[in-house]
Amino acid sequence: WRENGFDDTGWDRVRTGSEYDLTPQPHPGVGVTVHGVVQPAGIREVKREGGDNPDRQQGCRERRTIRSRLDQYICGVLRLSLRGERGAKVVIRHAETLNEQGELHVTGNRSARSQDEYILSGEGEESFSPRFTYHGFRFAELTMEGKAALIKAEGVRIGTRLLHTTKFHTNREIVNRIYGMVLAT
């Protein structure tokens, strides 16, 4: 079957899914909405071992990495304001924590890439905020290829549109904090 000229006439036809009359339907559950905006507690450029930009030595475009740290873990997206040349690319990776070397700890994400990408149009100040995804994160790393400048970054908390009808409070601060984290996610 791997050789040129193999006779596959006795094989069943491939099912591609086009033989079914499927109509896309919206999710029947409660929708999502923005629950708040979190300003970064810190933004800094990340220097890689072997110099500021090892890719520049290989003839690649300018490349730099910036890390944003939020004061709290959120479920949501990073909203960016950027300016740069047409075709410059921004790759955003997300993680809950940093590893022992101070890098994003992404092994806890298992197979989830937790990554968004944006290509700049080069037409003045641009805004990027993913619409069809969300991530659980506290740290975000932006790798910018080409001439691009970060003007502003902020975490946007996203969650279901359900009303909070329950109040909960104990005399144990740790329990109250855990409850607050559950509400935030």
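All figures in this text were calculated on a predicted structure; none of them were measured in a lab.

K.L.:
Now, about a nonpolar patch on the surface: what can you tell me, with residues and values included?
P.N.:
Together, Ile174, Ile178, Met181 and Val182 line one region of the surface with nonpolar side chains, adding up to about 390 Å² of accessible area. With respect to the secondary-structure elements, isoleucine 174 resides in helix α1 (residues 173–184). For isoleucine 174, a relative accessible area of 48% corresponds to the partly exposed category.

K.L.:
Provide a residue-level description of the pattern of salt bridges, including the pertinent values.
P.N.:
Scanning the model with the defined rule gives ten salt bridges in all. A salt bridge links arginine 69 to aspartate 71, with the shortest nitrogen-to-oxygen separation between them at 3.7 Å. For the salt bridge of glutamate 141 with arginine 93, the shortest nitrogen-to-oxygen distance reads 3.0 Å. With glutamate 141 in strand β7 (residues 135–145) and arginine 93 in strand β4 (residues 89–95), the pair connects residues that are 48 residues apart, well separated along the chain. Through salt bridges with shared partners, one network takes in Arg67, Arg93 and Glu141.

Cut-offs used in this document
- Residues numbered from 1 in each chain as written.
- Predicted model: local features only at pLDDT ≥ 70, side-chain atom pairs only at ≥ 80, totals over all residues.
- Heavy atoms only, no water.
- Patch = residues over 30% accessible without salt bridge, like charges linked within 9 Å, V, L, I, M, F, W, Y side chains within 5 Å.
- Areas by Shrake-Rupley, 256 points an atom, 1.4 Å probe, with all protein chains shown as cover.
- Salt bridge = Lys/Arg side-chain N within 4 Å of Asp/Glu carboxyl O.
- Helix = DSSP H or I, 4+ residues; strand = E, 2+ residues; numbered from the N terminus.
- Buried < 20%, exposed > 50% of the residue type's maximum accessible area, 1.4 Å probe, protein only.

Interpretation note: all reported values are geometric properties and have no functional meaning in isolation.
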